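Overview (structure and organization)
Here is how the chains run, residue by residue.
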Amino acid sequence: MSEGRTLSPGEARGEPLVLDEPLSFWGGVDPASGRIIDRHHPQVGRSAAGRILVMPSGRGSSSSSSVLAEAVRAGTGPAGIVLREPDGIVALGALVAAELYGAEVPVVVLDPADYDRVRSLGSILVRAAGARALVEPAP
């Protein structure tokens, strides 16, 4: 079990999609399909829909928050997001989706050692409430 910090509350379970590099949702993810469309990203073509997105951080544009919220609304967004570095834009997208659409996508930050451990898990359970977040193998 890894303990981290909550950026957006919620609970999610799913298979991880581990990204090698940061991702910008704006221009990097198609909200209609949930697929990574940034042709320069190592995981281009992979789908984040319903997965636990495990990535170092977000990258870039403040518009990423609206793309993430739209993907969540469309049912093509990630179920949860685990970060190595805090990212306010990613957190904002999840918070907006919860407020506007009632769809919680937990966003948590882990220290580097715990983040590296989580990258090797099969199915992941993310529980984020208050300031504290837990990330563990899903039963």
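Report follows, based on the coordinates.

Rules used in this analysis
Residues numbered from 1 in each chain as written. Predicted model: local features only at pLDDT ≥ 70, side-chain atom pairs only at ≥ 80, totals over all residues. Heavy atoms only, no water. Helix = DSSP H or I, 4+ residues; strand = E, 2+ residues; numbered from the N terminus. Contact = heavy atoms within 4.5 Å. Core = buried A, V, L, I, M, F, W, Y, C linked by side-chain atoms within 4.5 Å. Buried < 20%, exposed > 50% of the residue type's maximum accessible area, 1.4 Å probe, protein only. Salt bridge = Lys/Arg side-chain N within 4 Å of Asp/Glu carboxyl O.

Section: the environment of proline 86
- Mapping proline 86 onto the fold places it in the loop between strand S5 (80-83) and helix H2 (88-101).
- Taking the C-alpha atoms as reference points, proline 86 and serine 8, separated by 78 residues in sequence, lie 11 Å from one another.
- Once residues lying within four places of it in the same chain are set aside, the contact partners of proline 86 are Arg5, Leu7 and Val109.

Some thoughts on the nonpolar core
- Of all hydrophobic cores here, the largest spans 21 residues; its most connected members are Leu19, Phe25, Leu53, Met55, Ile81 and Val90.
- Of all elements in the fold, only strand S4 (52-55), helix H1 (64-74), S5, H2 and strand S6 (107-109) reach the threshold of two or more residues within this core.
- With four residues, H1 is the largest single contributor of residues to this core.
- Once you skip the residues sitting within four places of it in the chain, leucine 19 turns out to touch Ile36, His41, Gln43, Leu53, Val54, Met55, Pro56, Tyr115 and Arg119.
- If you look at the next biggest cluster of nonpolar residues, it comprises 13 residues, including Ala12, Val108, Ala128 and Val135.

What to know about the pattern of salt bridges
- All chains considered together, the criterion is met by eight salt bridges.
- A salt bridge links aspartate 38 to arginine 59, with the nearest nitrogen and oxygen atoms 2.9 Å apart. Remark: arginine 59 occurs in the loop between S4 and H1 and aspartate 38 occurs in the loop between strand S3 (16-18) and S4; sequence separation between them is 21 residues.
- The exposure class of aspartate 38 is buried, given its relative accessible area of 10%.
- According to the relative accessible area criterion, arginine 59 is partly exposed, its value standing at 39%.
- With a shortest N-O distance of 3.3 Å, arginine 127 and glutamate 136 are connected by a salt bridge.
- Given the relative accessible area of 17%, glutamate 136 is considered buried.
- Each of Glu11, Arg127 and Glu136 takes part in salt bridges that share partners, so that together they form one network.

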